[in-house]
Amino acid sequence: MSRVSEKQHQPEHRNRPTGEAFMAFMRAGWAPRSGELPELTEAARYAAARREELSATYPGERLVVPAGGLKIRSNDTDYVFRPHSAFAHLTGLGADREPDAVLVLDPLPSGEGHEATLYFLPLADRDSEEFFADSRSGEFWVGSRPTLASASAELGLSTRHLSELPDAVAKDVGPSGLAVRVVRDADREVAATVDRVREQSGLSSAEQAQEADLALARTLSTMRLVKDDWEVEQMQEAVDATATAFDAVVEQLPEAVRRGRGERWVEGVFGLHARHAGNGVGYDSICAAGDHATTLHWIRNTGEVKDGDLLLLDAGVETDALYTADVTRTVPVSGRFTDPQRRVYEAVLEAQEAGLAAVRPGNRFKDVHAAAIEVIARHLLEWGLLPEDVTLEQTLDAEEGQFHRRWMVHGTSHHLGLDVHDCAQALREDYVEGELREGMVLTVEPGLYFKSDDLLVPEELRGIGVRIEDDVVVTADGARNLSAMLPRTVPEVEAWVRGGGRRG
Ligand code: GLY
Ligand code: MN
Ligand code: MN
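Residues numbered from 1 in each chain as written. Chains lettered and ligands numbered in written order. Predicted model: local features only at pLDDT ≥ 70, side-chain atom pairs only at ≥ 80, totals over all residues. Heavy atoms only, no water.

How should the nonpolar core be read in this particular structure?
One recurring pattern in soluble globular proteins is that nonpolar side chains are buried together. In terms of nonpolar packing, the biggest core is built from 76 residues, with Phe270, Leu311, Leu448 and Phe450 touching the most fellow members. Residue contributions to this core peak at twelve residues, all from helix α10 (residues 229-251). Other than its neighbours up to four places away in sequence, Phe270 contacts Thr242, Ala245, Phe246, Val249, Val281, Ser285, Leu313, Ala315, Gly316 and Val317. Membership of the second largest hydrophobic core comes to 25 residues, among which are Ala86, Leu105, Leu157 and Ala186. (Core = buried A, V, L, I, M, F, W, Y, C linked by side-chain atoms within 4.5 Å. Buried < 20%, exposed > 50% of the residue type's maximum accessible area, 1.4 Å probe, protein only. Helix = DSSP H or I, 4+ residues; strand = E, 2+ residues; numbered from the N terminus. Contact = heavy atoms within 4.5 Å.)

It is not clear to me how a negative patch on the surface should be interpreted in this structure. Could you clarify?
Among the surface-exposed residues, Glu42, Asp229, Glu233, Glu237, Asp240, Asp320, Glu438 and Asp477 lie close enough to one another that they form a single negatively charged patch. When residues in the negative patch are grouped by element, the largest group, four residues, is from α10. Relative to the helices and strands, Asp320 resides in the loop between β11 (317-318) and β12 (327-332). Residue Asp320 is classed as partly exposed on the basis of its relative accessible area, which comes to 49%. (Patch = residues over 30% accessible without salt bridge, like charges linked within 9 Å, V, L, I, M, F, W, Y side chains within 5 Å. Areas by Shrake-Rupley, 256 points an atom, 1.4 Å probe, with all protein chains shown as cover. Salt bridge = Lys/Arg side-chain N within 4 Å of Asp/Glu carboxyl O. Lys, Arg positive; Asp, Glu negative; His and termini not counted. Charge placed at Lys NZ, Arg CZ, Asp CG, Glu CD.)

Sorry, what's going on with the site of ligand 1 here?
The environment of ligand 1 is made up of Tyr283, His297, Asp314, Asp326, His414, His421, Glu445 and Glu469. In the environment of ligand 1, a nitrogen atom lies 3.1 Å from a nitrogen or oxygen atom belonging to the side chain of Asp314. Asp326 places a side-chain nitrogen or oxygen 3.2 Å from a nitrogen atom of ligand 1. About the coverage of ligand 1: the protein hides 92% of its 200 Å² of free accessible area. For the shell around ligand 1, the class distribution of residues is one nonpolar, three polar and four charged. (Near = heavy atom within 4 Å. Polar contact = N/O pair within 3.5 Å; in protein donor to acceptor, adjacent residues only side chain to side chain. Nonpolar A, V, L, I, M, F, W, Y, C, P; charged D, E, K, R; others polar.)

Sorry, what's going on with the coordination of the manganese ion (ligand 2) here?
Between any two of four tetrahedral donors, the ideal angle at the metal is 109.5 degrees; between two of six octahedral donors, it is 90 or 180 degrees. All of the protein donors around the manganese ion (ligand 2) are Asp326 (OD), His414 (NE2), Glu445 (OE) and Glu469 (OE); their distances to the metal are 2.0 to 2.1 Å. Seen from the manganese ion (ligand 2), its six donor atoms lie at angles of 51 to 156°, and the figure they make is irregular. Here the manganese ion (ligand 2) and the manganese ion (ligand 3) are spaced 3.2 Å apart, with Asp326 acting as a shared donor. Linking His414 in the loop between α15 (392-396) and β13 (441-444) with Glu445 in the loop between β13 and β14 (447-450), this pair joins segments that are 31 residues apart in sequence. By the burial criterion, His414 is buried, and Glu445 matches it. (Donors = N, O, S within 2.8 Å, 3.2 Å for Na, K, Ca; no water. Tetrahedral: all angles 85-135°; square planar, octahedral: opposite > 155°, others 65-115°.)

How should the side chain of Gln8 be read in this particular structure?
Position of Gln8 among the secondary structure elements: in the segment before α1 (20-27). Among the polar contacts listed, one links the side chain of Gln8 to the side chain of Asp78, at a separation of 3.2 Å. Aside from chain neighbours lying at most four places away, what touches Gln8 is Ile72, Asn75, Asp76, Thr77, Asp78 and Arg136.

Where do I start with a nonpolar patch on the surface in this structure?
Residues Trp30, Phe140, Trp141 and Val142 make up a contiguous nonpolar surface patch of about 440 Å² in total accessible area. Among the secondary structure elements, Trp141 is positioned in helix α5 (residues 139-142). Look at Trp141 and you get exposed, because its relative accessible area is 53%.

What am I meant to see in helix α12 (residues 262-277) here?
It helps to recall that an α-helix has 3.6 residues per turn; residues three or four apart then point in one direction. Spanning 16 residues, α12 covers 23 Å between terminal C-alpha atoms, matching the ideal 22 Å at 1.5 Å per step. Among all positions in α12, only Gly262, Glu263, Val266, Val269, Phe270 and Ala274 are buried. Looking straight down α12, one finds that the buried residues subtend no more than 130° of arc, so they occupy a single side. Residues of α12 that are exposed and angled more than 90 degrees away from the buried face: Leu272, Arg275 and His276. (Expected span 1.5 Å × (residues − 1). Arc of directions from axis to C-beta.)

Where do I start with the sheet that holds strand β6 (residues 158-161) in this structure?
The strands making up a sheet associate through hydrogen bonds between their backbones, and the pairing can be parallel or antiparallel. On the basis of which strands lie adjacent, the open sheet formed by five strands has the order β6-β5-β4-β1-β7 and mixed pairing. Every interior strand has two partners, whereas the edge strands, β6 and β7 (179-182), have only one. Between one strand and the next, the sheet's axes are offset by a mean angle of 25°, whatever the strand orientation. Strand direction decides the pairing type here: strand β1 (residues 61-66) and strand β4 (residues 102-107), joined by four bridges, are antiparallel. In the strand pairing of β4, Val65 is matched with Leu103. Packing against the sheet, helix α2 (residues 42-57) makes contact with β1, β4 and β5 (114-120), and its axis sits at approximately 50° to β4. (Pairing = 2+ DSSP bridges. Axes fitted to C-alpha atoms, helices over the stretch in contact; angles between N-to-C directions.)

Looking at this structure, how should I read the coordination of the manganese ion (ligand 3)?
Protein coordination of the manganese ion (ligand 3) is provided by Asp314 (OD), Asp314 (OD), Asp326 (OD) and Glu469 (OE), with donor distances spanning 2.1 to 2.3 Å. If you look at the manganese ion (ligand 3), its six donor atoms make angles of 58 to 172° with each other, and the shape they trace is irregular. In terms of primary sequence, the donors binding the manganese ion (ligand 3) are separated according to D-x11-D-x142-E.

Explanation requested: the packing of α10 against α12 in the structure shown.
Between two packed helices, the angle of one axis relative to the other and the distance separating the axes together describe the packing. The N-to-C vectors of α10 and α12 enclose an angle of 150°; their axes lie 9 Å apart at closest approach. Here α10 and α12 pass one another in a crossing that is right-handed. Contacts from Ala241, Thr242, Ala245, Phe246, Ala248 and Val249 in α10 reach Val266, Val269, Phe270, His273 and Ala277 in α12. Classifying every residue of the contact of α10 with α12 gives nine nonpolar, two polar and no charged. (Left-handed = near helix turned anticlockwise from the far one by under 90°.)

Next up, the structure:
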């Protein structure tokens with residue numbers, strides 16, 4: 001196993017020169033490479049502390065954490081590479097690094113602690129064919145990449161060639177030897193290699209092995225619930241860049257209307273700023289005008305943006321280190337809410353205020369949703385939309401009620417970080433039922449969505465979708481709204497649009 005990326009077809013019709021004289025000519029005449037080594041990154045310092053924490057959870061076991069490989073988009077073009085979040089968290093590597101790399105934590109002989117080694121495909125020497133002939137890793141094609149020495153200096157861990165991985169994974173594994181766990185969903189081929197090693201060594205049944213891997217995935221998700229100081233800074237950086245990109249979209253609203261196909265224009269403007277300020281968007285932007293705003297994950301973005309409509313923009317910039325914001329603003333394209341739009345907007349805003357007020361240490365994660373949804377349900381009740389004779393208590397009943405969910409079917413919050421829906425494999429007891437703790441970052445994002453074909457709502461509300469979403473960090477005695485710089489109240493939002501994206 002030297003490459004674990006998806007295999008591409010090798011076209012038959014191309015031939016590559018193979019003559020000795022040509023090869024020699026390609027290899028010669030290059031200036032020597034700089035031997036200068038990079039400094040240890042700040043991200044790597046924090047990653048080392050995270051590896052320590054993981055090491056203490058699994059003493060004496062080998063832990064295999066792949067970055068994942070290149071994935072084919074079509075024929076011989078790949079998607080832009082993005083490492084698995086567990087790998088990014090434990091190495092400090094971000095952006096497009098490093099396809100096919102695998103982090104292995106090997107227990108030290110003393111039984112205490114682990115040694116971390118990164119297996120990856122280092123920059124090939126100029127006398128290799130890879131140098132000029134490999135379109136996925138060769139320097140001629142994809143640019144210079146790290147050497148074993150430079151990656152080691154940058155990340156503060158041992159580095160080895162990827163070809164050594166199979167032996168390293170198998171070494172000393174067995175019933176009386178080491179146990180090994182792998183992050184399964186990062187890379188199917190690496191998971192298969194680990195499975196083969198376990199099978200050959202008679203270490204455990206396939207079910208036991210899968211259970212062991214699931215426990216590792218849970219641990220890695222749970223570890224990310226509380227962000228360290230560097231991560232909180234990353235989140236603020238992501239949100240700051242997101243706010244700038246929102247301003248640019250608001251400035252461009254008249255252009256989106258004028259050009260037609262306006263949702264695409266909005267997506268492009270946001271994407272431009274995301275790519276410029278960070279690695280790109282952290283998830284596909286939801287650019288939803290008019291009735292499209294009632295589709296929760298409207299990412300087709302194929303529609304028009306029209307005066308008189310609301311535009312719901314749910315988008316986030318991802319930093320170079322891969323931390324993403326997740327912010328939503330719903331704005332009147334013309335600069336003024338209609339009365340029904342304002343009525344819906346203010347109900348959602350009131351729900352969001354209630355949710356935000358519930359974010360503080362000691363409260364549970366689920367208290368945030370409970371606070372927001374009660375406001376949503378109360379408004380729906382007052383507007384006469386819930387089934388006849390259903391009381392507020394009845395609709396809020398988790399088992400028998402929940403009628404209000406016809407118009408807000410999603411939860412109010414989720415954890416946010418390296419993944420937009422971060423820590424997804426943490427257990428319910430640690431996530432939904434868990435207490436909020438300092439350093440957690442979550443969204444507060446209630447909404448109301450009245451579809452244009454919903455005959456249970458008055459005509460004037462049909463086709464109105466509103467969501468307001470902010471990103472907050474739990475502090476020692478409350479919470480800080482990382483996205484508070486963006487307009488949120490009706491007058492603020494109207495002034496923002498009318499001022500062409502300038503914040504008051
Ligand atoms: N952007 C997806 C969400 O808000 O959860
Ligand atoms: Mn969200
Ligand atoms: Mn969102």
